[in-house]
Structures are given as structure tokens and as C-alpha cells.
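A closer look at the structure
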Amino acid sequence: MWTTERIADLVQPGRVHRDAYTDPAIFDLEMERIFGRAWLLLGHDSQIPRAGDFATTQMGRQPVLMVRQRGGGVSVLFNRCAHRGSTVCSAAKGTVTQFVCPYHGWTYGLDGALVAVPSPAGYPEERHPQQAGLGLAEVPRTEVYRGFVFASLAADGPSLGDFLGPLISSFDDLVDRAPEGEVEVAGGVSRHAYDGNWKFVLENHLDTIHPRYVHASSIAAANEQDDGRPTDGAGEVAVRQMRQNGAPNELWEGIGLWVAGGGHGYMADYHDDEKLVAASDDPVHVEYQRRMEAAYGTARAREILSVTRWNSIVFPNVSFMSQFGQLRIVRPIAAGRTVLDTYVFRLKGAPEEMFRRAVAFANVVNGTGSPVLTDDLEVYERLQTGLGADGNAWVDTGRGFGRDVRDGDNGLDRGGTGTSEIAVRNQFRAWAEYMTGTGATEAGGMAVAAE
Ligand code: FES
Ligand SMILES: [Fe+2]
């Protein structure tokens with residue numbers, strides 16, 4: 001029986017008990033207390049541009065539909081027929097005028113209202129399903145921020161703005177990079193899965209120690225590439241990204257790792273190679289910069305492009321990277337099984353070549369054929385297997401413990417160095433808050449105590 005006290009004991013200063021990753025009963029509680037309460041990112045409204053467009057996904061274990069309404073808004077409905085409970089829709093996405101349940105044909109409007117049942121005379125008048133107001137229920141809360149569709153299974157709780165806190169600026173950073181001030185999902189959503197816990201990926205994306213080890217083979221291969229050889233911009237981006245994973249220790253120690261309340265955090269740019277992102281002499285980037293300045297004015301355009309944020313994590317289900325328009329949604333299936341949906345964004349108004357580079361980046365770093373991602377997947381599966389071993393029940397999260405710096409002004413705390421495990425501690429601080437329904441724990445390890 002997982003009492004509040006026992007759950008609280010799993011997260012201790014500088015360490016976490018393996019049950020947090022492996023125990024099926026803990027996973028059940030995570031679905032209820034974390035995924036059942038937090039704001040979850042479901043996708044982007046550009047996936048469903050016209051009335052009747054829909055996409056299916058999950059909130060925790062619950063199947064939901066994201067639907068574009070006739071009035072232009074986006075609704076999130078439970079994918080659950082009001083009759084005997086079938087999902088009404090199994091396609092990943094599509095366009096409909098109404099949803100028809102495959103079992104007995106109950107038919108729903110885009111807003112979920114029941115509009116027809118077969119042989120309606122079969123119901124006594126006072127029990128007619130339409131009179132009773134049956135339909136596809138709407139999830140309790142939905143909010144769209146700059147095209148990003150969030151929903152919460154909890155009727156109460158913080159507003160989306162309060163939930164995102166300082167991390168809202170990471171979404172702004174992504175969208176502001178478009179000369180037209182809008183982004184769109186392009187090229188579909190790619191999906192991969194691994195046999196490991198969902199938290200591994202959120203930890204990994206703010207983990208600056210692992211690249212030199214996990215990605216050693218792609219670093220070596222990239223270093224063998226001949227720089228004099230002509231290549232398209234996309235190929236060059238790929239090679240440079242892989243090389244950067246082999247950056248020297250001093251560089252990793254010096255980068256900024258920032259965390260906020262709610263388990264969120266981000267990494268400031270670790271790339272010392274300006275050609276990777278904003279090559280001043282690159283014709284594509286020169287044209288992009290020209291369009292940005294025309295759209296925003298020189299000063300504002302420079303300000304937008306000077307942001308050097310790398311991965312941002314919004315706990316519990318989002319990891320994204322604004323500079324290359326990459327986003328991943330984490331979908332837990334079981335304690336030891338996770339699905340990741342990967343999105344690439346097109347910056348509206350930017351040269352098309354920018355999008356090609358974003359796709360190249362996705363293929364190198366996030367795609368299923370990527371020489372980088374596959375290394376990480378291998379490690380996630382090793383973690384799950386290793387955590388099943390007896391002899392040591394604890395995971396160590398102590399690197400930089402007690403040296404993290406509280407920065408009250410902007411609601412962010414910073415790792416004492418760029419290799420601090422502050423992000424893992426911070427995620428588990430939020431994890432414990434959700435799981436026990438209590439305030440901050442000691443697990444953060446801030447050098448300065450919380451007020
Ligand atoms: S379960 Fe949907 S119509 Fe019967
Ligand atoms: Fe990695």
C-alpha cells in the first residue's frame with residue numbers, strides 16, 4: 001500500500017528509490033496524480049487547421065480527440081462513446097463532419113453532442129439518449145497558447161499561465177522566430193517507443209554528462225567527416241550537431257541549466273559553433289535575418305535571435321527545442337514502456353531551406369533512424385533492466401547537490417555548474433509534490449533554502 005509517507009520516502013536529498021521507475025502501482029498513481037492533474041500538451045492547432053479536422057492522442061491512459069470546431073476553436077473530447085463505451089475514432093488524424101461510433105452507429109457532432117442514434121423509436125421517450133443530453137464528454141480544461149493545445153483532466157488547479165511559469169518564454173522563443181509570428185507542424189508526427197520509464201527522457205534532455213559517453217560513436221564518425229567536401233546545408237548541420245556532443249568538459253560545465261517550479265527547466269545553448277544555428281555568412285541565414293528584420297524591426301529581430309536556449313522541459317510531458325523547431329511529447333504506457341511523438345515545426349515566413357534543416361536536425365537527433373536517438377533509447381532500456389537488479393535500491397541524483405543557486409527574481413534556479421543534476425532533482429521535487437499532494441520537499445538541494 002503506497003501511503004503518502006512511503007511515497008515521500010522515495011525521493012530523498014540526492015537520491016531516488018528505484019520504485020519510482022519500476023513499480024506498477026506507482027505508475028498507476030502517476031497516471032492519476034500527475035497526468036490526471038497537470039496541464040498536458042496534446043499537440044499544435046496547425047495539425048487541425050480546418051473545421052472537422054481531428055487528431056487522436058492520450059492524456060495519461062485516457063483516449064482523447066482534439067477537434068477543430070466550426071467556430072474556429074479547438075475542443076478536446078474524451079474518445080469514448082456514450083452508449084457502451086467504444087472509442088469512436090481510431091485514426092491518428094483525419095477530417096470528419098461528424099463522429100460515428102463503429103459499434104452501433106451513435107453519431108456525434110464536432111462538439112461531441114449526440115445528433116443521432118439508429119432506430120430512435122427503440123427508446124422510451126423519457127430514456128431517449130438525446131433527451132438525456134448524452135454525448136462525447138469534453139475534458140475539464142483546454143487552453144491554447146500560441147497554437148499549442150494544452151488540456152487538463154482536473155477541473156481545478158493553476159491556470160496554464162501559472163503552470164508554465166517562466167517556461168512560457170520558451171514557447172515564445174520558438175514562435176517569435178517565425179517572421180510571420182506563427183509556426184506550423186509540418187511533415188506529420190513521427191513516433192517511437194522504448195521499454196523504459198517515461199521520466200528517463202525528460203531527465204536525459206537536460207543531462208549534459210551523457211553525450212560524450214552515450215554518443216561516442218556518432219561523435220567519432222562526425223569527426224572523420226571531411227570539412228572541405230561540398231555538402232548541402234542540411235548535411236552540414238547534422239555533422240556539426242553530432243560533433244558538438246563531443247565538446248570539451250569546460251564547455252559543458254559552463255552552460256546554463258535552469259529550473260523552475262513544477263519540474264520544468266531548460267538548458268542554455270551549449271553550442272560554441274555559430275555555424276550550427278546562426279551562421280552570419282550563410283546565405284539562407286542572411287535571407288532569414290533580412291525577413292526577421294523586415295517583420296520585427298532590427299532591434300527586436302536581433303533580440304529574438306540572440307536567445308540561445310536549447311532543450312526546454314515542461315513536466316510531465318513535453319521536451320522541445322526552439323532553435324530547430326523540434327518538439328517531443330512523452331506518452332507513458334506502463335512503468336517500463338513509453339511512446340514519444342516527435343514534431344518538427346515550420347517557421348512561417350522563413351526561407352524553406354530553414355525547414356529542410358529542421359527536418360535534417362530531426363533526422364539526426366530525434367528520428368527513428370537517427371544515430372543519436374538510438375543511443376539514448378538503448379540506454380533507457382538498460383536503465384529499466386538495471387533498475388530491476390537487487391543490491392542497490394537507489395538512484396543517485398547528487399551531482400551538484402547543495403550547490404544549486406536560488407534565483408528568486410525570475411522564478412528560476414540555476415545549477416552551480418552546467419553538469420549539475422539539478423534538473424533531475426527538480427523534476428522529482430515536482431513529482432513528489434504531485435504524488436503526495438504536499439508542498440516542496442528537501443530533494444531540490446538548493447544552496448539557499450526556499451522561503
Ligand atoms: S458503443 Fe458506441 S454506439 Fe454502441
Ligand atoms: Fe542523448
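A brief look at the structure comes next.

Overall, antiparallel pairing links the 3 strands, which are arranged 1-2-21 in an open sheet. For this open sheet the edge positions go to strand 1 (11–12) and strand 21 (394–396), each flanked by a neighbour on one side alone. Both strand 1 and strand 2 (residues 15–17) contribute to a ladder of 2 bridges, which runs antiparallel. Looking at strand 2, one finds that Gln12 is bridged to Arg15.

All right, on to the pairing of strand 17 (residues 309–314) then. The two faces of the sheet receive side chains in turn, since in a regular strand these alternate between them. Among the 6 residues that make up strand 17, 6 are buried, leaving the element largely enclosed by the rest of the structure. Note that strand 16 (residues 265–268) and strand 17 share 3 bridges and pair antiparallel. Counterpart to Gly265 in the pairing with strand 17 is Ile313. Two elements, strand 17 and strand 18 (residues 318–321), share 4 bridges in a ladder whose sense is antiparallel. Opposite Ser312, over in strand 18, you have Phe320 as the bridge partner. Between strand 17 and strand 18, which pair antiparallel in sequence order, lie 3 residues.

To continue, consider the environment of Gly235. Mapped onto the elements of the fold, Gly235 is located in helix 9 (residues 233–244). By relative accessible area, Gly235 is classed as partly exposed at 24%.

Here the focus is helix 3 (residues 24–33). For helix 3, the set of buried residues is Ile26, Phe27, Leu29, Glu30 and Met31. Of the surrounding secondary structure, the elements contacted by the buried residues of helix 3 are helix 1 (4–10), helix 2 (19–22), helix 6 (199–204), strand 19 (326–334) and helix 16 (422–436). Structurally, the start of helix 3 carries an N-cap: the backbone nitrogen of Ala25 is 2.7 Å from a side-chain oxygen of Asp23.

Time to look at helix 15 (residues 373–387). The terminal C-alpha atoms of helix 15 lie 21 Å apart, and with 15 residues this matches the ideal 21 Å at 1.5 Å per residue to within 8%. For helix 15, every residue scored as buried is listed here: Leu373, Asp375, Asp376, Leu377, Tyr380, Gln384 and Leu387.

Considering all chains together, one arrives at 27 salt bridges under this definition. Between Glu287 and Arg290 there is a salt bridge, and its shortest N-O distance comes to 2.9 Å. Here Arg290 and Glu287 lie together in helix 12 (residues 283–296), a separation of 3 residues that amounts to about one turn. Judged by relative accessible area, which is 24%, Glu287 ranks as partly exposed. With a relative accessible area of 47%, Arg290 lands in the partly exposed category. By sharing partners, the salt bridges in this structure join Arg146, Asp172, Asp176, Arg300 and Glu303 into a single network.

About the cut-offs
- Residues numbered from 1 in each chain as written.
- Chains lettered and ligands numbered in written order.
- Predicted model: local features only at pLDDT ≥ 70, side-chain atom pairs only at ≥ 80, totals over all residues.
- Heavy atoms only, no water.
- Pairing = 2+ DSSP bridges.
- Helix = DSSP H or I, 4+ residues; strand = E, 2+ residues; numbered from the N terminus.
- Buried < 20%, exposed > 50% of the residue type's maximum accessible area, 1.4 Å probe, protein only.
- Contact = heavy atoms within 4.5 Å.
- Polar contact = N/O pair within 3.5 Å; in protein donor to acceptor, adjacent residues only side chain to side chain.
- Expected span 1.5 Å × (residues − 1).
- Salt bridge = Lys/Arg side-chain N within 4 Å of Asp/Glu carboxyl O.

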